[in-house]
There are 2 protein chains.
Amino acid sequence: MVIELISSAKCFEGEQRVYQHSSRTLNCDMTFGVFLPAAALEDKTPCPVLFFLSGLTCTHENFIQKSGFQQYAAKHGLIVVNPDTSPRGVDLPGQDAAYDFGSGAGFYVDAKQEPWSKHYKMYSYVTEELVELVNANLPVAAGRRGIFGHSMGGHGALICALKNPGLYKSVSAFAPIANPSEGAWGKKALTGYIGDNTADWDQWDATRLVSQYESTPQELFIDQGLADNFLTAKQLLPENLLAAADTNEHIQTIYKQREGYDHGYFYISTFVGEHIAYHANLLKASKV
Amino acid sequence: MVIELISSAKCFEGEQRVYQHSSRTLNCDMTFGVFLPAAALEDKTPCPVLFFLSGLTCTHENFIQKSGFQQYAAKHGLIVVNPDTSPRGVDLPGQDAAYDFGSGAGFYVDAKQEPWSKHYKMYSYVTEELVELVNANLPVAAGRRGIFGHSMGGHGALICALKNPGLYKSVSAFAPIANPSEGAWGKKALTGYIGDNTADWDQWDATRLVSQYESTPQELFIDQGLADNFLTAKQLLPENLLAAADTNEHIQTIYKQREGYDHGYFYISTFVGEHIAYHANLLKASKV
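Residues numbered from 1 in each chain as written. Chains lettered and ligands numbered in written order. Predicted model: local features only at pLDDT ≥ 70, side-chain atom pairs only at ≥ 80, totals over all residues. Heavy atoms only, no water.

Looking at the pattern of salt bridges
Residue and element names in this part refer to chain A.
Here comes step 1: For the structure on display, the rule yields 24 salt bridges over all chains.
Here comes step 2: Put simply, glutamate 274 and lysine 256 hold a salt bridge, and the shortest N to O gap is 2.9 Å. With glutamate 274 in helix α10 (residues 265–285) and lysine 256 in strand β9 (residues 251–258), the pair connects residues that are 18 residues apart, well separated along the chain.
Here comes step 3: Taking the relative accessible area as the measure of exposure, glutamate 274 reaches 30% and is therefore partly exposed. (Salt bridge = Lys/Arg side-chain N within 4 Å of Asp/Glu carboxyl O. Helix = DSSP H or I, 4+ residues; strand = E, 2+ residues; numbered from the N terminus. Buried < 20%, exposed > 50% of the residue type's maximum accessible area, 1.4 Å probe, protein only.)

Let's talk about the relation of the copies chain B and chain A
Here comes step 1: Once chain B is rotated about the relating axis by 180° and shifted along it by 0.0 Å, it coincides with chain A to within an RMSD of 0.0 Å. As the rotation angle and translation indicate, the two copies are arranged about a two-fold axis.
Here comes step 2: Both copies contact each other with a shared surface, as 100% of the interface residues of chain B are interface residues in chain A too. (Least-squares fit on C-alpha atoms with pLDDT ≥ 70 in both. Contact = heavy atoms within 4.5 Å.)

Quick notes on the layout of surface pockets
Here comes step 1: The space that makes up the largest pocket amounts to roughly 580 Å³.
Here comes step 2: If you trace the largest pocket, you find 25 residues lining it, with Lys66, His263, Gly264, Tyr265 and Phe266 of chain A closest to the centre.
Here comes step 3: Those elements giving two or more residues to the lining of the largest pocket turn out to be α2 (61–66) and α10 of chain A together with β1 (4–11), β2 (14–23) and α2 (61–66) of chain B.
Here comes step 4: Taken together, the residues of the lining of the largest pocket sort by class into 10 nonpolar, 12 polar and 3 charged.
Here comes step 5: By volume, the second largest pocket is sized at about 450 Å³.
Here comes step 6: Lining of the second largest pocket is provided by 29 residues; of these, Ile64, Gln65 and Lys66 of chain A together with Lys66 and Phe266 of chain B occupy positions nearest its centre.
Here comes step 7: Looking at the lining of the second largest pocket, the elements with two or more residues in it are β2 (14–23), α2, α3 (70–76) and α10 of chain A together with α2, α3 (70–76) and α10 (265–285) of chain B.
Here comes step 8: Looking at the lining of the second largest pocket residue by residue, the classes come out as 11 nonpolar, 15 polar and 3 charged. (1 Å grid on protein atoms, 1.4 Å probe; cavity = no way out; pocket = protein on both sides within 12 Å on 5 of 7 lines; lining within 4 Å. Points joined across faces, edges and corners; volume = space filled by probe spheres on them. Nonpolar A, V, L, I, M, F, W, Y, C, P; charged D, E, K, R; others polar.)

Quick look at the sheet that holds strand β1 (residues 4–11) of chain A
Here comes step 1: The strand order across the open sheet formed by 9 strands is β1-β2-β3-β5-β4-β6-β7-β8-β9 (chain A), and the pairing between neighbours is mixed. Pairing within the sheet leaves two strands with one partner each, and these edge strands are β1 and β9 of chain A. Neighbouring strand axes in the sheet, compared pairwise and without regard to direction, differ in orientation by 20° on average.
Here comes step 2: Relative to strand β5 (residues 79–83) of chain A, strand β4 (residues 47–53) of chain A runs parallel, the two being bridged by 3 bridges. Bridge pairing in β5 of chain A links leucine 50 of chain A to valine 80 of chain A.
Here comes step 3: Lying on the sheet, α10 of chain B is in contact with β1 and β2 of chain A; it crosses β1 of chain A at an angle near 25°. (Pairing = 2+ DSSP bridges. Axes fitted to C-alpha atoms, helices over the stretch in contact; angles between N-to-C directions.)

Quick look at the pairing of β2 of chain B
Residues and elements named next belong to chain B.
Here comes step 1: Counting buried positions along β2 gives 7 out of 10 residues, so the element sits mostly inside the fold.
Here comes step 2: As judged from the 7 bridges shared by β1 and β2, these two strands associate in the antiparallel manner. Bridging across to β2, glutamate 4 finds its partner in glutamine 20.
Here comes step 3: Pairing analysis gives 9 bridges linking β2 to strand β3 (residues 28–36), with the strands arranged antiparallel. Within β3, the residue paired with glutamine 20 across the bridge is threonine 31.
Here comes step 4: Between β2 and β3, which follow one another and run antiparallel, lie 4 residues, and asparagine 27 among them has a positive phi close to 55°.

Side note on the side chain of threonine 207 of chain B
All names here are of chain B.
Here comes step 1: In this fold, threonine 207 is placed in helix α7 (residues 206–212).
Here comes step 2: Overall, threonine 207 belongs to the buried group, its relative accessible area being 8%.
Here comes step 3: If near-sequence neighbours (up to four positions away) are discounted, threonine 207 is found in contact with Ala178, Asn179, Asn240, Leu241 and Ala244.

And the structure:
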């Protein structure tokens, strides 16, 4: 559980840090971002922790540099942790052949297919190893843990929460790939990482997980820009997840549609403050 | 005065745009960013315009993507225009040999030395051609014009204002190269672009311009992180500019020192809201 500090810069009275560590789950070195608000720095006050999962092609850097989230995390006193999107420094045939599979496109699943299964276990990395690392190394308030993400990372946030009731007290997603079994990106990733048997895809698909969900009531905050080309292209399919939630009393949804906003970071930066306020409210109120 | 729209994305109810045009001053194609607040879009309400000049190695993209300025420009109803830092698409010997001279390092001067003088006239570009372009193509409120910048761009903002009393109603700078004649970056740039005669450097040095300034009273807002390595390395020398201002009744300074902040974009993002509020206040109150 050793993590090495790579960089640190003061930001909104807190610190934006980058850490590196050797991942036992992924069998490679991984890098992740951590924002610590002033309270967590000064007297190590335990703070709620919010995980952010990024989209296709991203590393840990995009969200740190482009979203402007730090001011809201500082305001609400949240620690924010954002991992990379795929194993790094590995050398698998074809890993760099496309932007939507392999490097930068781990899809937050545990791969079953060779050669990916040796490294591509981003689901277990995010829900187990990263949680343990954070608990062991940062002043996090026990149990006050939320998760959100964008696009492929919105999918990741949804499945990590739906597969682990109670692990995250708050869940939101910007333009998530909400039903990957039915969209081109998702089909390619699930075929490549999980295999041709589409029944095996169910446990990695937020819409199907919502249909099956029978545990502690869970609220999901879904955010969607209406000028998002990938919405039109049926890659995201939030309507399918919303329909599945409508027939499951254990799932509540908040769906916010943003007129004129696209899929990019200017969209995220506009609404990340609203998401962080949403998480802060739930995390501070939650029974742990 | 033709400008071509390259990209546009909705952001904080306004739009972040990127334009390209053929520059008569620089003899090459140039790219610049424009943020338009909602009022400027909806009914073309004339809005004050604030120019931002970036630092060494930057293009127009860094400030757009990393500073998070858009929310504050939206809140205060300002148009923000940010040009590139040097001529692009030209082919001069040695232009890419170093990060602090040539490409990405135009230093906002008008070069006198060959081969730079054919293209490297960023001072005239920013203070004349870009102002004309903006006036001709965007709904700007006549005369309500401010300028700010970072590092090399802080130097640029200061000299553009000091050399043109009244052109900009508000001026601020993050960690400016305040006395380039006395720092390593500045000496290299001024030697290369202007020549060996150091007397010729005076008109491109904010500290020397402050000493000579005899026109309309001008306030300068200087911002400086105290954990900035380049402050320690005597590249920035704000103390020299402040000392010069102390002996000139025509120049007022506001100097804010930020404990623990470095030279990077996390520092800028923390304080850019305060700068934009400062500019908005002066630009809205100014007699034009």
